[in-house]
Amino acid sequence: MEMYGGGGLQGDLDRIAQLLLERALREGLELTGPEGVLGRLTKSLLETAGRAELEHHLGAGWHADEVDGSGNRRNGTRRRTVITEAGAIEVQMPRDRAGTYEPTILPKGARRLDGFDRQVLDLYAKGLTMGETQAHLADFYHTEVSTELISAVTDAVLEELKDWHNRPLDSIYPVLFVDCIHVKVRDGAVASRPIYLVIGITMDGAREILGIWAGTGGEAASYWAQVLGEVKNRGVRDALIVCCDGLTGLDQAIEGTWPQAKVQRCVVHITRAALRYVPANQMAKVAAGLRTVYDAATLEAAEMRLSEFAAEFSPLYPAAVASVRDAWAGMIAFFDLPREVRKMIYTTNMIESFNARVRSAVTRHGHFPNETAARKVVYLVVRGHGGWPKRSDPAKRVNNWKMALNQLVLHFGERLTL
């Protein structure tokens, strides 16, 4: 087999990897598992690093009998079983007589490496249940992983979730999207509970999830006033447009928090609600008729087209037309905005694309013992385990944002420049 690899550390690692692979193939060795090549390599690296750390701590060579006069010296090794990305391995970690050596490569009391924790979080965020996660880890690591350990690993993100949820926010978000998903929570009996998310478009066009809130399903203005008040207290002094789907009490809460904000109902949701009352073979025709309404250039033109839409379809589908009229007040702001901005806000599909990932995870979990457990899974998706990339990733930015931003500045003036 031809050797390869460049110079430097990466070249050395490539050559070592190739030598190990050649031997594994020649001797029929496994790559993973306690006796696999990766496990043995990890064991060797941990033990070698531990010896080097202790040598540095003592200030003497590994085989030296005398040290720096402190009276401290090597004191054999301690056997530990550690779960790593290569499986469960047994290592002999060195110790000193005085007990002052604090290893950093494998801290005292540690029974697993960070890579294992990341594996657990990845699996949990992708929707594997506790039992499925346990079975997968047992198969991959060739060792029994208790549900208590899995729970401890996933619970470790709760403090991180708290810090993330309380972090300072930008002073202004040109657009906010509010939406919810429903999860099954066992509270005596299994019940459907909403988990609300607020996503903001920043001044540089990035999408940012501002927070996750668990509700009971019976909230009104007081609940939303609390949520939006929390967002405002974290630094958001203004929001220009808030897009939502007619959540009860939200309009009043927005007005009380940011009096100048425009509240916009999701046009796509309004269309879907109307189409519930329309036969499948007529949906395209009704949707096309409704499109002429929200494509209108002005509010006056939209109201005229709405009358035409109602005249055509009320005799056949009165409930469909009534649902559009009921939602009309939430669409009025739409017609006062430039078309570049309308394209960005006519639907909450941007937030729903994220919700689809969250639903995939929570659906596989079935039901949760409490709301905290549900929020934990949602947060794992948020932080990148199967969810959006980091905020700095340009793939996360709004398409044609600069064009929309220019129109927002023209429309909202100094509110965007203060």
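Residue positions within a chain follow its written sequence, with the count starting from 1. Local features in this predicted model are restricted to residues of pLDDT 70 or higher, and side-chain atom pairs are both shown and tallied only at a pLDDT of 80 or more, whereas totals for entire chains, interfaces and linings draw on every residue. Excluded from the side-chain calculation are hydrogens and water; included are all heavy atoms of the structure.

A. Representation of the nonpolar core within the structure. Among buried residues, those of type Ala, Val, Leu, Ile, Met, Phe, Trp, Tyr and Cys that are joined through side-chain atoms within 4.5 Å constitute a nonpolar core. A 1.4 Å probe rolled over the protein chains alone gives each residue an accessible area, and that area as a share of the maximum for its type sets the label: buried under 20%, exposed over 50%, partly exposed in between. Formed by 43 residues in total, the largest nonpolar core has its most connected members in Ile-241, Phe-309, Phe-335, Met-344, Ile-345, Trp-401 and Leu-408. Secondary structure elements follow DSSP: runs of H or I no shorter than four residues count as helices, runs of E no shorter than two count as strands, and numbering proceeds from the N terminus. Of all elements in the fold, only strand E3 (172–187), strand E6 (238–244), helix H9 (267–275), helix H10 (283–294), helix H11 (299–313), helix H12 (318–327), helix H13 (339–345) and helix H16 (401–412) reach the threshold of two or more residues within this core. Contacts of Trp-401, omitting those with residues within four sequence positions, involve Pro-174, Ile-201, Thr-202, Met-203, Asp-204, Gly-205, Met-344 and Leu-408. Counting residues in hydrophobic clusters, the runner-up holds 31 residues, among them Tyr-124, Val-185, Ala-373 and Val-381. Residue contacts are counted whenever heavy atoms from the two residues lie within 4.5 Å of one another.

B. Highlighting the packing of aromatic side chains. Only the six-membered ring of Trp is used, alongside the rings of Phe and Tyr, when aromatic pairs are assigned; centres must lie within 6.5 Å, and planes under 30 degrees apart are stacked while those over 60 apart are edge-to-face, with the rest tilted. In this structure the tally under the stated criterion is seven aromatic pairs. A ring pair is formed by Trp-164 and Tyr-379, whose centres lie 5.3 Å apart and whose planes are at 50°; its orientation type is tilted. With Trp-164 in helix H6 (residues 157–165) and Tyr-379 in helix H15 (residues 371–382), this residue pair connects regions lying 215 residues apart in the sequence. When sorted by exposure, Trp-164 lands in the same class as Tyr-379, which is buried. On the basis of an interplanar angle of 50° and a centroid distance of 5.0 Å, the ring pair of Phe-309 and Phe-313 is categorised as tilted. Linking Phe-309 with Phe-313, this pair stays in helix H11, spanning four residues, or about one helical turn. Note on accessibility: Phe-309 and Phe-313 belong to one class, buried.

C. Examining the environment of Ile-270 more closely. On the secondary structure map, Ile-270 appears in helix H9. The exposure class of Ile-270 is buried, given its relative accessible area of 3%. In this structure the C-alpha to C-alpha distance between Ile-270 and Ala-327, which are 57 residues apart in sequence, comes to 7.0 Å. Sequence-distant contacts of Ile-270, that is, excluding residues within four places in its chain, are made with Arg-265, Val-324, Ala-327 and Met-331.

D. Representation of helix H7 (residues 221–233). To estimate how far a helix should extend, the number of its residues minus one is multiplied by 1.5 Å. Compared with the 18 Å implied by 1.5 Å per residue over 13 residues, the 18 Å span of H7 between its first and last C-alpha is a close match. Looking only at H7, the buried set comprises Tyr-223, Trp-224, Val-227, Leu-228, Gly-229 and Val-231. As for H7, its buried residues are in contact with E3, strand E4 (189–201), strand E5 (207–214) and helix H8 (250–257). Positive backbone phi, approximately 120°, marks Gly-235, located one or two places after H7.

E. Representation of the confidence of the model for the protein chain. Scored by pLDDT, the protein chain comes out at a mean of 78, with 75% of its residues at no less than 70. Put simply, helix H1 (residues 8–27) is where the protein chain has its lowest mean pLDDT, 66, and H11 is where it has its highest, 94. The low-confidence segment residues 1–5, where pLDDT is below 50, has 14 contacts with residues more than four positions distant or belonging to other chains. Under a pLDDT of 50 for its full length, residues 385–395 has, in the predicted model, 29 contacts with residues more than four places off or in other chains. A residue's pLDDT is the confidence the predictor assigns to it, expressed on a 0 to 100 scale.

F. Layout of the packing of H11 against H12. Interaxial angles span 0 to 180 degrees and are taken between N-to-C directions of axes, which are lines fitted to C-alpha atoms, for helices over the stretch in contact. Between H11 and H12, whose axes approach to 9 Å, the crossing angle comes to 160°. With respect to H12, the element H11 is oriented roughly antiparallel. Crossing handedness for the pair H11 and H12: left-handed. Of H12, the residues touching H11 (which contributes Leu-306, Ser-307, Phe-309, Ala-310 and Phe-313) are Pro-318, Val-321, Val-324 and Arg-325. Just so you know how the angles are binned, under 35 degrees is roughly parallel, over 145 roughly antiparallel, 65 to 115 roughly perpendicular, and the rest oblique. A crossing counts as left-handed when the near helix is turned anticlockwise from the far one by less than a right angle, and as right-handed when that turn is clockwise.

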